[in-house]
Each structure stands twice: as structure tokens, then as C-alpha cells.
Amino acid sequence: MLSPIPSRPERATTFCSFRVILGISLLFSGVCYVIFIANMATAYEPPDGSFAERRFPESEQTEQSESMEDGQKPIHVSAKVWKTPRLKGGSILDRRQKLLRWLQSSATIQEIETLSHLKQWVIETQPEEMARELARHTKTGWSRCAREHELCVCKSPEIRFGYATLWVPYQRPEFSPPTADLAVLCEVRNFGGRDPAAGYLKECQCYSQDLPIEGAAGTTAGLPVNSQYCGEACSKGKNRAYTGSPRSRAELCRRPHTHELLWTCNQPLRRVPRSPGHQQAEHVLTAATMEFCGDSRLAKYFDVYLDCDYAENFLKWTSEESDWIEEAFVTYVGGEMNSNYEWMATNLLRSTSLFSTRPIIVMVTDSKYRPPSWWARTPNVIVYKMASGLTFPVSFNFNKIRSMIAARVIVGIQLDVDQLVAPGIDNVFRATRIQCTQKYPFPLMPVHWMSRDAELGEQFYEYRLQFWNRPHGMRWCHAHPTWTYWALLFLGNLLLKRYLVALAPDFVASVRTWGLSNLVPIDVVEMLKAGTQAQRVTKVKLKNWMMEDEDMLNVELWMANATKAWCKFDLEPDTYLTRFWITKKIYADPRWYPDGVPLMFFSVHNTKRFDRTDKLLTIFARCTDPNFVNQSSCSTSLTALPTPCQMESLKEEEERLQRPEEYAADICCCLQPRQEQHIYWAGNWYSSKEQVPLRSPLESHAPRRCILI
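The rules behind these values
Residues numbered from 1 in each chain as written. Predicted model: local features only at pLDDT ≥ 70, side-chain atom pairs only at ≥ 80, totals over all residues. Heavy atoms only, no water. Disulfide = S-S within 2.5 Å. Helix = DSSP H or I, 4+ residues; strand = E, 2+ residues; numbered from the N terminus. Buried < 20%, exposed > 50% of the residue type's maximum accessible area, 1.4 Å probe, protein only. Pairing = 2+ DSSP bridges. Axes fitted to C-alpha atoms, helices over the stretch in contact; angles between N-to-C directions. Phe/Tyr/Trp six-rings, centres within 6.5 Å; stacked < 30°, edge-to-face > 60°. Parallel < 35°, antiparallel > 145°, perpendicular 65-115°, else oblique. Contact = heavy atoms within 4.5 Å. Nonpolar A, V, L, I, M, F, W, Y, C, P; charged D, E, K, R; others polar. Core = buried A, V, L, I, M, F, W, Y, C linked by side-chain atoms within 4.5 Å. Salt bridge = Lys/Arg side-chain N within 4 Å of Asp/Glu carboxyl O. pLDDT = per-residue confidence, 0-100. Polar contact = N/O pair within 3.5 Å; in protein donor to acceptor, adjacent residues only side chain to side chain. Right-handed = clockwise from strand over helix to strand, strands pointing away.

Q: What exactly am I supposed to notice about the state of the cysteines here?
A: A covalent bond between the sulfur atoms of two cysteines is what we call a disulfide. Per the counting criterion, the structure on display carries 10 disulfides. Between the sulfur of Cys265 and that of Cys293 lies a disulfide, 2.0 Å long from S to S. Its torsion about the S-S bond being -70°, the disulfide of Cys265 and Cys293 is classed as left-handed. Of this pair, Cys265 sits in the loop between strand E8 (259-263) and helix H7 (276-288) while Cys293 is found in helix H8 (residues 290-293), placing the two residues 28 residues apart along the sequence. A residue is classified by how much of its surface remains accessible, and Cys265, at 14% relative accessible area, is buried. Of the residues examined, Cys293 reaches a relative accessible area of 25% and is grouped as partly exposed.

Q: Just to check I follow, could you spell out the sheet that holds strand E15 (residues 482-484) for this structure?
A: Sheets are built from strands that pair by backbone hydrogen bonding, the pairs being arranged parallel or antiparallel. Strand order across the open sheet formed by eight strands is E7-E8-E9-E12-E11-E10-E13-E15, with mixed pairing between neighbours. Two strands close off the open sheet at either side, each with one partner strand: strand E7 (241-242) and E15. Looking at chain direction, E8 and strand E9 (residues 304-307) are connected through four bridges and run antiparallel. In the strand pairing of E9, Trp263 is matched with Val304.

Q: Honestly, the sheet that holds strand E6 (residues 203-207) in this entry has me stumped. Any pointers?
A: Strand order in the open sheet formed by four strands is E1-E6-E3-E4, and the pairing between neighbours is antiparallel. Among the strands making up the open sheet, the edge pair consists of strand E1 (142-147) and strand E4 (166-169). When the angles between neighbouring strand axes are averaged without regard to direction, this sheet yields 35°. Sheet topology places strand E3 (residues 159-163) next to E4; four bridges connect them, and they run antiparallel. Counterpart to Gly162 in the pairing with E4 is Trp167.

Q: I keep staring at the packing of aromatic side chains and nothing clicks. Help me out?
A: For any pair of aromatic rings, the description consists of the separation of the ring centres together with the inter-plane angle of the planes. Taken as a whole, this structure holds 24 aromatic pairs when the rule is applied. Geometrically, the ring pair formed by Trp476 and Trp558 is edge-to-face, given 5.7 Å between the ring centres and 70° between the ring planes. In this pair, Trp476 sits in the loop between helix H12 (427-435) and E15 while Trp558 sits in helix H15 (residues 549-559), placing the two residues 82 residues apart along the sequence. Of the two residues, Trp476 and Trp558, neither departs from the other in class, the shared state being buried.

Q: Explanation requested: the packing of helix H5 (residues 109-123) against helix H17 (residues 610-622) in the structure shown.
A: Axes are the key here: two packed helices are described by the angle between their axes and the distance separating the axes. Between H5 and H17, whose axes approach to 7 Å, the crossing angle comes to 100°. Here H17 runs roughly perpendicular to H5, going by the angle between their axes. Here Ile109, Gln110 and Glu111 of H5 lie close against H17, whose contacting residues are Phe610, Asp614, Leu617, Thr618 and Ala621. Class assignment for the residues of the contact of H5 with H17 results in four nonpolar, two polar and two charged.

Q: Is there a simple way to explain the packing of H5 against helix H10 (residues 340-355) in this structure?
A: Closest axis-to-axis distance for the H5/H10 pair is 12 Å, and the angle between their directions is 100°. The orientation of H5 relative to H10 falls into the category roughly perpendicular. Here H5 contributes Ile109, Gln110 and Glu113 to the contact with H10, which in turn contributes Trp343, Arg350 and Leu354. When its residues are assigned to classes, the contact of H5 with H10 shows three nonpolar, one polar and two charged.

Q: Mind showing me how you'd approach the nonpolar core here?
A: Nonpolar side chains in soluble globular proteins tend to be buried together. In terms of nonpolar packing, the biggest core is built from 171 residues, with Phe302, Trp375 and Tyr384 touching the most fellow members. Ranked by residue count, the leading element in this core is helix H13 (residues 488-503), at 11 residues. With sequence-adjacent residues up to four places away left out, Tyr384 is seen in contact with Leu262, Val304, Tyr305, Leu306, Phe314, Ile325, Ile361, Val362, Met363, Val364 and Ala407. In this structure, Cys145, Ala146, Cys152 and Ile159 belong to the second largest nonpolar core, which totals 14 residues.

Q: Honestly, the pattern of salt bridges in this entry has me stumped. Any pointers?
A: Note on pairing: side chains with opposite charge can pair once their charged atoms come close. A complete count under the given rule lists 38 salt bridges for this structure. Linking Arg297 and Asp295 is a salt bridge whose minimum nitrogen-to-oxygen distance equals 2.9 Å. Since its relative accessible area comes to 15%, Asp295 is described here as buried. The residue Glu653 makes a salt bridge to Arg656 at a minimum N-O spacing of 3.6 Å.

Q: Could you clarify how one ought to interpret the confidence of the model for the protein in this entry?
A: For residues with low pLDDT, the predicted coordinates do not support detailed interpretation. Considering every residue of the protein, the mean pLDDT works out to 82; 80% of them sit at 70 or more. Confidence drops under pLDDT 50 across residues 1-90; counting only partners more than four residues distant or on other chains, this segment forms 183 contacts. Contacts for the low-pLDDT stretch residues 209-221, under 50 throughout, to residues beyond four places or in other chains number 43 contacts.

Q: In this structure, what is going on with H15? I would like to understand it.
A: Along an α-helix, residues three or four apart share an orientation, since each turn contains 3.6 residues. Taken across its 11 residues, H15 has 10 buried, putting it largely inside the fold. Those residues of H15 not exposed but buried are Asp549, Glu550, Asp551, Met552, Leu553, Asn554, Val555, Glu556, Leu557 and Trp558. Those residues of H15 hidden inside the fold are in contact with helix H11 (399-406) and H13. Asn561, located one to two residues past H15, shows a positive phi value of around 60°.

Q: Quick question: what am I supposed to make of the side chain of Arg247 here?
A: Turning to its location among the elements, Arg247 is positioned in the loop between E7 and E8. A distance of 2.6 Å separates a polar atom in the side chain of Arg247 from a polar atom in the side chain of Glu260. Arg247 has contacts with Tyr242, Leu252, Cys253, Arg254, His257, Glu260 and Arg271, leaving out every residue within four places of it along the chain.

Q: Help me understand the environment of Trp592, please; the structure alone is not making it clear to me.
A: Its place among the elements puts Trp592 in the loop between helix H16 (573-576) and strand E19 (599-605). Taking C-alpha positions, Trp592 is 8.7 Å from Pro703, a pair spaced 111 residues apart along the chain. Setting aside its immediate chain neighbours within four residues, Trp592 contacts Ser451, Asp453, His472, Gly473, Met474, Arg475 and Arg705. At a separation of 2.7 Å, a polar atom in the side chain of Trp592 contacts the side chain of Asp453.

Q: I'm lost on the environment of Asn190 in this one. Help?
A: Take Asn190: it is sitting in the loop between strand E5 (182-185) and E6. Along the chain, Asn190 and Gln171 lie 19 residues apart, while their C-alpha atoms are 8.4 Å from each other.

Q: Is there a simple way to think about the pairing of strand E10 (residues 325-333) in this case?
A: The side chains of a regular strand alternate between both faces of the sheet. When you tally the buried positions in E10, you get eight out of nine residues, the bulk of the element. Of the strand pairs in this sheet, E10 and strand E13 (residues 409-414) are connected by five bridges, and their pairing is parallel. Looking at E13, one finds that Ala328 is bridged to Gly412. As paired elements, E10 and strand E11 (residues 360-364) share five bridges and run parallel to each other. Of the residues in E11, the one forming a bridge with Tyr332 is Met363. As a crossover connection, the stretch from E10 through H10 into E11 is right-handed.

Q: So what exactly am I meant to see when it comes to unusual backbone geometry here?
A: A cis amide bond links Phe392 with the next residue in sequence, Pro393, at an omega value of 10°. As for its position among the elements, Pro393 is in the loop between strand E12 (381-385) and H11. The omega torsion across Gln672 and Pro673 is -5°, close enough to zero to call that bond cis. Here Pro673 is to be found in the loop between helix H20 (660-666) and strand E20 (679-681). For Ala164, which is not glycine, the phi dihedral falls at a positive 55°. Tracing the backbone through its elements, the reader meets Ala164 in the loop between E3 and E4. In this model, Phe507 sits at a positive phi of 60°, which is unusual for a non-glycine residue. Checked against the element boundaries, Phe507 lands in the loop between H13 and strand E16 (508-514). Given the relative accessible area of 33%, Phe507 is considered partly exposed.

Quick look at the structure:
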């Protein structure tokens with residue numbers, strides 16, 4: 001759930017951390033430092049304006065296994081290739097060489113990205129000015145521009161005067177001419193005549209908003225000033241939406257418009273597809289939103305706009321025939337800019353760029369969030385905007401359902417911002433097409449790590465489901481659904497119930513929904529032909545299981561007698577780094593999976609710590625390079641856990657920073673044998689679903705209830 005978080009302290013901390021990275025470099029002389037940065041750029045230069053590393057096709061990824069013996073025996077190649085001769089000639093050259101080796105061996109994606117952006121600033125800045133800038137930056141984002149009685153020159157209109165925690169702000173006179181810089185004499189008389197800290201030597205501070213580094217909220221870094229498109233970030237919130245009749249693709253998002261209406265309940269204003277296959281999907285979407293569009297209170301919640309900063313990306317992934325996208329990831333975000341959620345989304349977007357050939361649609365579901373502009377430089381990112389959804393008592397997370405409906409994708413994978421995708425994730429799109437059809441029109445979710453059917457004394461008893469005691473056909477699932485457009489009727493039913501109940505004075509509403517039950521044969525095409533005869537009106541009362549999206553998705557699927565669930569593919573980060581150390585009966589419960597839940601290594605969940613996730617994503621990226629993998633030197637002991645796998649330990653951090661060659665030689669060992677054998681069940685690893693038995697090889701021979709990919 002997203003909650004408002006003040007963005008300025010986070011932004012200041014981000015800037016401060018970037019300065020700390022450069023602070024080490026002040027030990028060098030100015031000239032040598034510039035030379036070092038230039039060499040560093042040569043050693044590892046990310047693509048211009050992009051954080052994506054090279055993406056390797058799945059066929060190329062599988063070639064890594066050729067250097068392995070049976071997938072179980074580790075690679076055994078000397079790590080000497082990573083060692084670089086020690087340079088003679090003094091400590092400065094030694095330090096430079098160490099930094100170069102660190103960049104080449106163990107620096108994370110975010111560390112490289114940060115240094116890449118700071119490189120240009122360093123090159124263009126005189127050493128003396130650089131030292132002054134770094135020395136005067138404070139921890140709060142304010143920097144000293146002058147001592148008392150000196151002249152403060154500031155590029156920001158925010159100047160304060162005082163000492164320690166006692167400050168008064170500067171009020172710019174109305175008659176003062178607008179200039180690029182403010183010049184203010186740092187004296188009491190220029191700050192309202194009030195001394196905030198009598199008896200102390202005071203100073204003036206300027207709030208710093210220079211250095212448009214990626215992740216800084218609201219920057220326009222990387223957006224061409226004179227480009228034909230200007231959206232949310234480019235316009236800095238001064239939005240002008242186009243809401244007229246659909247325009248041609250050539251006219252889409254032309255200035256001065258910052259947003260283009262794509263879909264609305266007002267049918268003449270919709271951009272409808274011309275291709276037959278997508279026309280059918282549009283027909284299902286129209287039926288799924290029919291009750292919303294017929295209710296004046298709800299119609300506005302399905303106005304969908306394209307953020308024009310992403311017009312080029314949108315045009316790339318759509319066609320003249322249709323604005324529907326064949327296969328895409330969908331996530332949603334809102335709240336404050338530069339929050340922790342935005343940083344989590346950063347890692348998510350990076351992972352889709354690295355390991356997938358499909359786009360990701362980011363649905364902004366409130367009025368105040370403005371994505372950082374550098375997202376637009378990533379070709380697979382498209383940002384849509386919708387009005388804020390219903391609030392209390394409706395959870396913000398129901399925007400997940402709204403985003404899935406409004407994204408207009410033929411096949412979708414929903415991702416929360418605290419997720420990463422891993423190599424092989426694109427296989428989930430193909431599998432979803434097979435499982436979610438016009439005769440089984442329900443989304444599929446992965447089995448949850450916890451069971452909610454536990455009895456007293458059993459594992460997961462503390463998570464037992466206390467608000468539902470009726471029969472159901474599958475274990476509790478995690479709310480990371482995949483779907484095709486056939487499931488839009490189900491999703492529309494669910495969201496309609498939740499919204500109408502929330503609007504009812506006594507939380508009881510009459511709701512018209514499509515009659516979906518897996519107990520009888522279903523054919524969505526025939527249902528649409530039948531129209532209202534295939535619908536039913538029921539009284540719906542607010543229940544405990546309607547408070548969150550995951551609860552309602554599970555119970556609604558149970559009530560529809562749905563039976564399909566994916567084996568678990570949204571795994572905890574540690575599950576990727578334990579090498580062969582996974583308990584045989586992981587996430588077991590006595591009723592559904594007594595011998596443990598089958599795992600598929602396609603994605604990661606619970607990536608809330610940015611720094612830790614940055615390391616994990618770096619491991620994934622480096623270990624998709626066959627050349628890097630083949631330089632690994634892994635222990636032949638299957639019980640050995642290399643140092644890089646012991647994330648956040650003192651030993652791991654020390655080796656990553658001080659001995660990067662050794663760190664690099666072991667880093668891919670953490671993933672063994674996941675890259676060659678992506679399925680784990682009951683103590684065994686498998687390279688394909690065909691190898692996995694229908695029943696567990698352990699003593700109970702329990703059936704495998706979930707679907708493998």
C-alpha cells in the first residue's frame with residue numbers, strides 16, 4: 001500500500017549519498033581525478049541515456065549450461081583472469097586501478113549509473129569549485145552559501161538565515177527583477193529584521209536542486225527541450241490534456257498537450273482497434289466496464305490518458321491497426337515523488353529492460369505523482385495516467401485491478417513495485433495464453449508461501465483464514481496475477497462489487513455481474529451474445545475478505561470454483577542466493593502441498609530494500625553474460641556458500657569493496673543451478689516441466705496441484 005512520504009528529505013539524502021561517493025576522490029589532485037573519471041568511463045560506459053545492459057535472448061542464456069557438467073557440478077575456471085597487475089608509481093595510480101577493477105568486477109548497476117551521471121559534472125567542473133561544492137553540502141539538502149555579512153548567491157529561490165536548527169526564510173521582494181541567480185547579503189535586515197539566533201555567528205544556506213541525477217523527483221534530465229512531445233515531467237506538472245475525438249498517430253501528443261486520452265466511457269472519444277483479434281478484446285473490455293460506464297459516479301475511474309513523455313515508446317509498441325498491446329507487464333504507482341516506492345519501481349523497470357523483450361505499462365493512479373523523466377529514456381516503459389480511485393474504505397491496492405482492466409493488453413503479467421523479473425520470465429506470457437481462455441476466463445496467480453487453512457499446531461496457523469469457512473478448490477495464492485483479455489469480465493465483476501459496496505450508505509448494494517462459475521461450461525463469446533441474460537443481480541454486503549485486493553481475488557476465485565494456480569514463481573530474494581541450500585519441503589502444508597510447493601525461478605518479490613535489490617539485480621545481469629559466467633570459479637562442495645551469497649554480511653561487503661576480483665569469481669556460483677534448472681520440487685532440480693513428475697518423489701507421493709511453466 002502506498003502512503004504519503006515527504007520527498008524532500010529523501011531527495012536530500014540521495015544527493016548527499018552521491019556526494020559521499022565523490023568525496024573519496026578529493027584525495028586525488030584535480031588533474032589526475034579528471035583523468036581517472038575519463039578512464040573509468042572507458043572501462044564501463046552504459047549506453048547513452050539508458051540504464052539497460054545488454055539483453056541476451058533465452059537461447060543464448062541456455063548456452064551457459066554447456067560449460068556445466070550435468071547442471072549440478074560447478075564451473076571450475078581459474079579466477080586469475082580477473083586479476084590486474086599492480087601499477088607502480090604511487091598511491092594515486094594504485095587507487096585509480098583499484099577503482100577500475102571494482103567497476104569492472106563488482107560495482108552494482110546503481111553505483112555505475114550514479115558515477116556515469118557524475119562523470120560529466122566532474123569533467124566540466126574546476127577542481128577548486130568541485131571541492132567547495134562537496135565541502136559545503138549538508139545532510140539535509142541545504143548548503144552554506146555565505147557566512148553572516150557575506151553575499152549569498154543561490155540558483156534556488158529558497159534561502160534561509162540562522163544557526164543550527166534556528167532559521168528564518170528569505171522572502172523575495174515583489175519588485176525584484178527575475179534573474180537566474182539570487183544574490184542576498186546575509187544579514188538580519190534582509191530576513192525580516194528578526195534575529196533567529198541572537199549571540200551566535202549565523203550563516204545563509206541555499207537549498208540545492210542542481211545536478212539532475214536520475215531518481216531526483218521532477219527533473220527533466222535527458223528530455224530534449226525542443227522535442228515534439230512534452231508530458232508530465234517535461235511540463236513540470238503544468239498539464240494540458242487532449243480529450244477530443246481520436247487523432248491520427250501522427251498527431252498524437254502534439255504540443256502543447258501533455259496527455260492524450262486513450263480510452264473513456266464516452267464511446268465516441270475512444271481509440272478503438274481495427275484489427276479483428278483486438279476488436280474482440282475491445283468487445284470484452286466494453287462488456288466488463290458496462291456497469292461502470294452506466295453509473296455517473298464510476299465512469300470517471302476508467303478515463304485513461306497517455307503521458308506524452310512516453311509517446312515515442314507508445315507508438316513503438318502499438319500499431320496503426322490497434323492501441324492494444326499483445327503482451328506486457330503492468331504495474332501501478334502513486335504517492336510522493338522520489339519516495340521509496342519510486343526507487344523500488346526503478347529496480348523493477350531495470351529488470352524488465354534487462355531480462356524481457358516485452359514492455360511494461362506503469363499506471364499512475366493519482367493526481368500528484370509525477371514519474372522521473374529518465375524513465376522515458378527506457379524504450380520498454382509506457383506511462384498511463386488515471387484519476388485517483390475510490391479511497392477509504394477502499395484500499396489503494398484495488399488500483400491493481402483497475403490497472404489490469406484499463407491497460408488494454410491481450411496478455412498481461414501484473415507486477416508490484418517490490419518485484420523484479422528474472423531471465424525466463426517471458427515464458428509466462430506464452431503459458432498464460434494457454435491457460436486463460438474464453439472457456440476458462442479467470443486470472444491465474446502463483447501459490448502463496450503461506451497456507452491459510454492451517455489447524456492448531458500446524459505451520460502457518462497464525463495466518464489462518466478466520467473470515468471464510470466454506471469449501472474451496474485451491475490453496476491461498478499471491479496477488480501477482482497473470483491474465484488474458486478473457487478474464488476482464490471476472491476482474492470487472494470484482495472491482496464493481498468493491499466500489500458499489502463502498503458507495504452504499506449501509507455497505508450493502510445490488511450489483512449486476514456476469515455469471516461466471518467454473519462448475520458449468522463457460523464460453524465468454526456466447527455470454528456476450530446473450531447480453532443481460534448472462535448476467536445476474538445479487539445483494540452484496542461488505543465482508544472482511546473485501547478489504548484488500550489479495551483477499552478478494554482469492555475468495556472471488558474460490559466462489560467461481562476456479563481451480564488453476566501457478567506453481568510459485570514470485571520468490572523471496574534469499575531463495576535465489578542459497579545455491580543448493582533449499583529445504584526439501586519448502587512452504588509445505590498437510591492439506592495442499594505436504595511435500596512442499598514447487599518453485600520456478602522467474603521473478604523476485606519483497607524487494608523493498610533498494611541497496612540490497614540493486615546488488616541482486618547486478619548479480620542477475622552479470623550472470624546472464626556467458627563470458628562472465630565462464631570465468632567463475634565455484635567450489636566443488638555443494639554445501640559451500642560463497643561469500644557474495646551471504647548478502648549484507650560484513651564478510652560480503654568487505655570482499656565486494658576490497659577484493660572485487662575474488663568477489664567476481666564467486667558471484668555466479670550463488671545462482672547454481674537455477675540458470676540451467678529453473679524448477680525445484682521436493683529436493684530435486686529440473687530443467688523443464690516435462691521432467692517433473694506428477695507426484696512427489698518423497699514418501700507421501702503427494703500430487704503436484706499447481707501448473708508449471
